[in-house]
Amino acid sequence: MLLGAIKTLIQNHLPWLFVPLADLRDRVAPRYGEAELSLVPRLVPAGEAAFDVGANTGMYSFWLLRSAAHLTSFEPNARLCAILRQRFARAIASGRMQVEAVAVSNQRGQAELFVEPGFEALASVEANHRPPAAVHGGEVLSVPTVRLDDYDKRRVGFIKID
């Protein structure tokens with residue numbers, strides 16, 4: 001819990017420091033945290049696009065960019081989108097990546113995003129997955145929703161959803 005609070009403090013108040021620390025975290029994540037990341041190069045077909053649905057601060061985006069021809073990262077939390085855009089500014093400028101500030105759903109429209117202050121990574125549009133603080137003083141944000149079927153006509157070879 002303490003490490004999570006420190007991460008959130010740095011993320012929210014020292015973004016210039018968070019970006020290089022997130023890159024370092026993501027480089028070692030396949031060995032020390034998210035072992036399935038080591039499978040990404042084998043699962044993403046060369047020359048095809050990938051979607052990162054629920055991109056958060058971009059751990060999967062970091063690895064998907066190494067394999068996919070194009071990456072679209074979907075993240076409904078505007079604060080986390082700002083971090084994604086800062087972290088991946090070069091890939092965005094080159095046209096290899098885009099960041100969409102939307103939630104993915106089975107229909108286009110609007111959804112309520114429940115955000116627990118200090119724990120943006122736990123935000124959810126699912127009523128049964130609301131962080132406790134969203135019920136007691138957290139933020140409720142209205143966010144646009146898109147359908148993946150309507151979104152992009154590129155050949156998509158890999159979709160990460162969480």
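Residues numbered from 1 in each chain as written. Predicted model: local features only at pLDDT ≥ 70, side-chain atom pairs only at ≥ 80, totals over all residues. Heavy atoms only, no water.

### Points about the nonpolar core
Nonpolar side chains in soluble globular proteins generally cluster together in the buried interior. Judged by nonpolar contacts, the single largest core of 21 residues is most densely connected at Leu 37, Leu 64 and Met 97. Of all the secondary-structure elements, those providing two or more residues to this core are helix H4 (59–64), helix H5 (78–87) and strand S3 (97–100). With five residues, H4 is the largest single contributor of residues to this core. Other than its neighbours up to four places away in sequence, Leu 64 contacts Val 40, Val 44, Ala 50, Phe 51, Asp 52, Leu 71 and Phe 158. In this structure, Val 53, Phe 74, Val 146 and Leu 148 belong to the second largest nonpolar core, which totals six residues. (Core = buried A, V, L, I, M, F, W, Y, C linked by side-chain atoms within 4.5 Å. Buried < 20%, exposed > 50% of the residue type's maximum accessible area, 1.4 Å probe, protein only. Helix = DSSP H or I, 4+ residues; strand = E, 2+ residues; numbered from the N terminus. Contact = heavy atoms within 4.5 Å.)

### A look at the sheet that holds strand S8 (residues 156–161)
Here four strands make up an open sheet; going across it, the order is S3-S2-S1-S8 and the pairing parallel. Both edges of this open sheet fall to S3 and S8, since each of them pairs with a single strand only. Put simply, the sheet's adjacent strands are angled 15° from each other on average, direction ignored. Sheet analysis places strand S1 (residues 49–53) next to strand S2 (residues 70–74), joined by five bridges and oriented parallel. Paired with Phe 51 across the two strands is Thr 72, which belongs to S2. (Pairing = 2+ DSSP bridges. Axes fitted to C-alpha atoms, helices over the stretch in contact; angles between N-to-C directions.)

### Overview of H5
All buried positions along H5 are accounted for by Leu 80, Cys 81, Ile 83, Leu 84 and Arg 87. The buried residues of H5 all sit within an arc of 160° when viewed along its axis, so they share a single face. The N-terminus of H5 is capped by Asn 77, whose side-chain oxygen sits 3.0 Å from the backbone nitrogen of Arg 79. (Arc of directions from axis to C-beta. Polar contact = N/O pair within 3.5 Å; in protein donor to acceptor, adjacent residues only side chain to side chain.)

### Considerations on the pattern of salt bridges
A complete count under the given rule lists ten salt bridges for this structure. With a closest N to O distance of 3.0 Å, Arg 79 and Glu 139 form a salt bridge. Of this pair, Arg 79 sits in helix H5 while Glu 139 sits in strand S7 (residues 139–146), and the two are 60 residues apart along the sequence. Judged by relative accessible area, which is 38%, Arg 79 ranks as partly exposed. A salt bridge links Asp 162 to Lys 160, with the nearest nitrogen and oxygen atoms 3.1 Å apart. Its relative accessible area of 67% is what places Asp 162 among the exposed residues. Its relative accessible area of 8% is what places Lys 160 among the buried residues. Salt bridges here are not isolated pairs; linked through shared partners, they connect Asp 23, Arg 25, Asp 26 and Arg 87. (Salt bridge = Lys/Arg side-chain N within 4 Å of Asp/Glu carboxyl O.)

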